[in-house]
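# Descriptive analysis of the structure
Next come the chains, spelled out residue by residue.
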Amino acid sequence: MAQTPLMQQYRDVKARHESAIVFFRMGEFYEMFYDDAELASRLLGLTLTSRNNGGAADVPLAGVPVKAAGEYVRRLVERGYRVAICEQVEDPKLAKGVVRREVVETISPGAALADDLLQGGRNNFVCATYRDGAMTGIAAADISTGELRLHLCAPGDAAAVLGRLAPRELLVMRAAGDGTAAPSPGPEGENALVTEREPWEFDEAMARDALAEQFGVLSLDGLGVGPADGPAICAAGALLRYLRELQPGGVRLAHPVVERPGGVMPLDEMTRRNLELVDSLRGGDTDGTLASVLDQTKTPMGTRLLRQWLLAPLTDRAAIEARLDAVEALAANALARDALIAALDGVRDVERLATKAALGRSTPRDLGALGQSLAQLPAVHEATARVGTAGVLADVLARWDSCNALAARITSTLVERPPVAIGDEATIAPGADGELDELRELRDGGRDAIARIESEERARTGIGSLKVGFNRVFGYYIEVTRANLHLVPDDYQRRQTLTNGERFVTPALKTYEERVLSAAEQIEKRERALFEALRGAAGAEATRLLRTAQAVAMLDVLGGLAETAVRENYVRPHVHDGFGLSITAGRHPVVERMMPRDKFIPNDVVLTEDARVVILTGPNMAGKSTILRQVGLIVLMAQMGSFVPARAAAVGIADRVFTRVGASDNLVRGQSTFMVEMAETSAILHGATARSLVLLDEIGRGTSTYDGVSIAWAVTEHLHNAVRCKTIFATHYHELTQLADELVALRNYNVGVREAGDQVLFLHRLQPGGADRSYGIEVGRLAGLPEPVLARARAVLKLLEGEQLVPGLRGTPPAAPARREPAGQLGLFAAEPHPVVARLRAVEADTLTPLQALSLLSELSRDARGE
């Protein structure tokens, strides 16, 4: 089929960007053709048209204005599509034939720079993974902040790292050509756009060369990357190649941060979700999360760093103490802390602003925000210096750089409130450039002359309503109403006829117009040159700016943690390398914020090697789950370097915190509620070590009572005998309390209640011993169940308790007795008692002879066995 040169050019571009929707620049529009046009018309609500481009059939076409393209790109990227921006890269007036066009960037979910595609408080990572034997390498880049992270993961930790990074895009190696599928990213990558890359792109030698070229070094040793980091290097090589495809002009990345096993606690999906660290179980926002309590940050960089700290608690005591020392110093110096917070309040997103400048993407407003932020840094430094050099503050102050020269240049060059684009309003401040000031004087003088012309012409013609105006089509003009047309002089030249009058020009007016317009064009040209020089100077300092931004982010997080500690009455935890965990008057940091301070009941928790497992029983709504979660949160807060909600806390550093709280089915993965519960429990039993903290809230509720009790019993024994870790197990299986007689390091606790007639008062107080009732019917009453239902429930409960249909367990759990019901479920709503029980009730034991008693016992035994 014949093709015009233009469509052949489009086809060549599309062939190189098959996975993207191509925005093809044609004048003031971006056009889309063929499948791209049809897809965009459906997704964006665009009108689908067609045009004949010299072929046998019309070509589907859809377009958007260049000035409005940002909104359409955002909508496509948010739906998970890539958009390739193909620009005209030569002046159409100078083109010989078809205007040359090139793709200048490809915008994707994980590679975006526009503010409306980014969340200020979250990184926008694109990740690549590579597995080599037992170790997995993960490379993560955020091109909006210039961050590059290399993670070397131990077996089973890769999913936790990906969950922490929450990438928008994930690169995986394409499977070998044997028909097998590509590796699945797993549940942690479900929300990411997954892209398969060729195996050769993960070659380690090529990856080392790519990293060395990116950072201008001969050896990776200077970047802190060693020979043992091979899997992470391979992932980084594929990632860099992908980013260069998306950004042909290059990407600006800071030196990589390398994370190896051992320094950071991996947090799996269950723990992040159950403890609501950064995302609420209700979805949608951070309300009700630990982040919402601790986040007193003033800058976007600080918010992002706090999120990283929350999701990556430390396991090295010295590093934890260094953070705690800094928080303690800031908490103790209220005046300096207030000054620091006030100074930080004026600092914008220096990381992203610096990266934009380095990539030549800054607008005048962006650069103005950068300058104003840098101008705040001396006050930030002064407030920090007043606090001292405790902990990590010493390193921050030692590396501090306020970038004073750059700040002064930006603030003195730009107007106080720069516009979004050059030409909209003045960008360069008066006095910053002599040539520009002369052009402005000429322009403004020309405008004064126009005003004089208007006055003179009114006097000369006698037309009091005569006006001198301007529009972009006709330039300057003299407007005369129809009633005064008879007074128009002969030298007036008609330019435009209106409904109520006419517009004219004169030779003098044209002369002044040429002078003014020429000056205006020169002003815009000069402003653009000055701005681009300033942006280039800021971009050249990107490395310094990114280091400064990291220091500011750390001060922001530390200041916020100190402010929260003082405001919420937190204490510094004693962190140690031993086994024990001791919390005195511990509180749930989120729940206590939702009620008056004196209403929350604090509780003590102590776990030692000799009492490392707690079976926690108690009624529904008594607060068992709250206690479990607050223990987990206090440990994580301590290990991230925060003060904790308690009167005192001594925390033995945990290598992992595991939680299993509640359960729901996962229909997408084809898993029932009970299957999800068992999978989570299995992950805990396989991953926990003696240094772990395990928090379990019910196991086995999704199956029969016998099966559930048996599984819960066996899990508890395994954690006590084999794993030997700190464990709190909240349960309604009161049979488990009997384990205290068999397991030496197991203790029973319950959450107390007080009965007053038919009412139950929940005390929310943790106390030794097991509970004997769950008060589920009382909770049902509080929830508003109809009274007939409650009455029937009480009758059934009395029946079940009287028949003792659920046997107690002591020592090794006995096998369940044979039952007539094949499913093995309890007959909860049976009106008649078991036949054996009915016969026993009818027996008059005093009238039986010994022989009759033995005969009856034999018959009952056969009946019980179902014979």
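For the structure given in this document, a descriptive report is provided here. (Residues numbered from 1 in each chain as written. Predicted model: local features only at pLDDT ≥ 70, side-chain atom pairs only at ≥ 80, totals over all residues. Heavy atoms only, no water.)

## Things to note about the overall build of the chain
To keep things clear, this is the line we draw: Secondary structure elements are defined from DSSP: runs of H or I of at least 4 residues count as helices, runs of E of at least 2 residues count as strands, and each element is numbered from the N terminus. Radius of gyration means the value over C-alpha atoms here, while the globule rule gives 2.2 Å times the residue count to the 0.38 power. To sort residues, take the accessible area from a 1.4 Å probe on protein chains only and compare it with the maximum for the residue type: under 20% means buried, over 50% means exposed, and anything in between is partly exposed. Each accessible area value is a Shrake-Rupley result obtained with a 1.4 Å probe; residue values ignore everything except the protein chains displayed when judging cover. For the purpose of charge, His is not counted, nor are the chain termini; Lys and Arg are scored as positive and Asp and Glu as negative. To locate a charge, the coordinates of NZ of Lys, CZ of Arg, CG of Asp or CD of Glu are taken.
Across its full length, the chain holds 25 helices and 26 strands. Computed over its C-alpha atoms, the radius of gyration of the chain comes to 37 Å, more than 25% above the 29 Å expected for a compact globule of 867 residues. Projected onto the principal axes, the alpha-carbon positions of the chain cover approximately 145 × 75 × 65 Å. Expressed as a percentage of the 867 residues in the chain, the buried residues total 49%. If you sum the accessible surface of the chain, you get close to 40,400 Å²; carbon and sulfur atoms cover 51% of it. In the chain, 97 side chains carry a positive charge and 113 a negative one; their mean positions are 2 Å apart.

## Notes on the packing of aromatic side chains
Cut-off, in case you're wondering: Ring pairs are drawn from Phe, Tyr and Trp, using the six-membered ring of Trp, whenever the two centres fall within 6.5 Å, and their geometry is named by plane angle: stacked under 30 degrees, edge-to-face over 60, tilted for the rest. Whether a charge sits over a ring comes down to the Lys NZ or Arg CZ being within 6 Å of the ring centre and within 35 degrees of the ring normal.
Across all of its chains, the model carries eight aromatic pairs by this definition. When the centroid spacing of 5.7 Å and the interplanar angle of 50° are considered together, the rings of Y492 and F504 count as tilted. With Y492 in the loop between strand 14 (475-481) and strand 15 (493-497) and F504 in strand 16 (residues 501-505), this residue pair connects regions lying 12 residues apart in the sequence. You can call Y492 buried: its relative accessible area is 7%. For F504, a relative accessible area of 4% corresponds to the buried category. Here the basic side chain of R323 rests over the ring of W309, its NZ or CZ set 3.7 Å away from the ring centre. Lying over the aromatic face of F579, K726 brings its terminal NZ or CZ to 4.5 Å of the ring centre.

## Details of the pattern of salt bridges
Note the cut-off: Here, a salt bridge means any Lys or Arg side-chain nitrogen found within 4 Å of an Asp or Glu carboxyl oxygen.
In total, this model carries 45 salt bridges according to the counting rule given. When the shortest N-O distance is used, the salt bridge between R572 and E321 registers 2.6 Å. Highlighted residues: R572 in the loop between helix 18 (542-568) and strand 17 (574-576) and E321 in helix 10 (residues 317-332), separated in sequence by 251 residues. Taking the relative accessible area as the measure of exposure, R572 reaches 24% and is therefore partly exposed. In this structure E321 comes out as buried when scored by relative accessible area, which is 18%. With a shortest N-O distance of 2.8 Å, D325 and R572 are connected by a salt bridge. Of the two residues, D325 sits in helix 10 while R572 sits in the loop between helix 18 and strand 17, which places them 247 residues apart along the sequence. The network of salt bridges with common partners includes R197, E201, R241 and E245.

## Let's talk about the pairing of strand 13 (residues 467-471)
Filter applied, for reference: Pairing between strands is defined by DSSP: at least two bridges between them are needed.
Alignment of strand 13 against strand 14, held across five bridges, turns out to be antiparallel. Residue pairing for strand 14: F470 is matched across the bridge by Y476. Counting the residues in the hairpin turn of strand 13 and strand 14 gives three residues.

## Regarding the sheet that holds strand 10 (residues 169-173)
Through backbone hydrogen bonds, the strands of a sheet pair up, either in parallel or in antiparallel fashion. For clarity, the threshold we go by: Interaxial angle, 0 to 180 degrees, is taken between N-to-C directions of lines fitted to C-alpha atoms, where a helix line uses only the stretch in contact. Contacts between residues were defined by any pair of non-hydrogen atoms, one from each residue, lying within 4.5 Å.
Pairing is mixed in the open sheet, where six strands are placed in the order 11-10-7-8-9-12. Strand pairing shows two members of the sheet lacking a second neighbour, strand 11 (193-197) and strand 12 (257-259), which therefore form its edges. Taken pair by pair, the neighbouring strands of this sheet meet at an average axis angle of 20°, ignoring direction. The strands that helix 6 (residues 230-246) touches are strand 7 (126-132), strand 8 (135-142), strand 9 (147-153), strand 10 and strand 11; relative to strand 8, the one it contacts most, it runs at about 30°.

## Comments concerning the side chain of H734
Note that H734 resides in the loop between strand 24 (726-730) and strand 25 (746-756). With sequence-adjacent residues up to four places away left out, H734 is seen in contact with T617, A771, D772, R773 and S774.

## Structural notes on helix 5 (residues 204-215)
The criterion, for reference: Here, expected helix span is obtained from the residue count minus one, scaled by 1.5 Å. Counted as a polar contact is a pair of N or O atoms within 3.5 Å, where, for protein atoms, one must be capable of donating a hydrogen and the other of accepting one, and residues adjacent in sequence contribute only when both atoms are in side chains.
Spanning 12 residues, helix 5 covers 17 Å between terminal C-alpha atoms, matching the ideal 16 Å at 1.5 Å per step. What helix 5 keeps buried is the set A207, A210, L211, A212, Q214 and F215. Contact partners of the buried residues in helix 5: strand 9 and helix 6. Backbone nitrogen of A205 and a side-chain oxygen of the N-cap are separated by 3.2 Å at the start of helix 5; the cap is D203. Looking at the residues trailing helix 5, positive phi occurs at G216, about 65°.

## Overview of the nonpolar core
As a reminder, the rule being used: The criterion is simple. A nonpolar core is a set of buried Ala, Val, Leu, Ile, Met, Phe, Trp, Tyr and Cys residues joined through side-chain atoms within 4.5 Å.
In this structure, L277, L294, L370 and I728 are the most contacted members of the largest nonpolar core, which totals 110 residues. The element best represented in this core is helix 18, accounting for 12 residues. Residues contacting L370, with those up to four places away along its chain left out, are V350, L353, I410, A538 and L545. Within the second largest apolar cluster, 33 residues are counted, among which are A111, F215, A235 and L243.

## Focus: the environment of H576
Looking at the secondary structure, you find H576 in strand 17. Of the residues examined, H576 reaches a relative accessible area of 18% and is grouped as buried. Considered as a pair, H576 and A318 are 258 residues apart in the sequence and their alpha carbons are 9.7 Å apart. Those residues in contact with H576, other than ones at most four positions away along the chain, are R317, A650, V651, G652 and I653. Here the side chain of H576 touches G652 through a polar contact of 3.3 Å, landing on its backbone nitrogen.

## Here's the deal with the sheet that holds strand 23 (residues 693-697)
Pairing is mixed in the open sheet, where six strands are placed in the order 22-23-24-20-25-26. The sheet is open, and its two edges are formed by strand 22 (657-661) and strand 26 (759-768), each paired on a single side. In this sheet, adjacent strand axes meet at a mean angle of 15° when their direction is disregarded. Bridge count for strand 20 (residues 613-617) against strand 25 is five bridges, and the pairing is parallel. Within strand 25, the position partnered with L616 by the bridge is Y749. The sheet strands contacting helix 19 (residues 624-640) are strand 20, strand 22, strand 23, strand 24, strand 25 and strand 26, and the helix crosses strand 23 at an angle near 160°. Set on the sheet, helix 20 (residues 673-687) makes contact with strand 22 and strand 23; between it and strand 22 the angle comes to about 160°.

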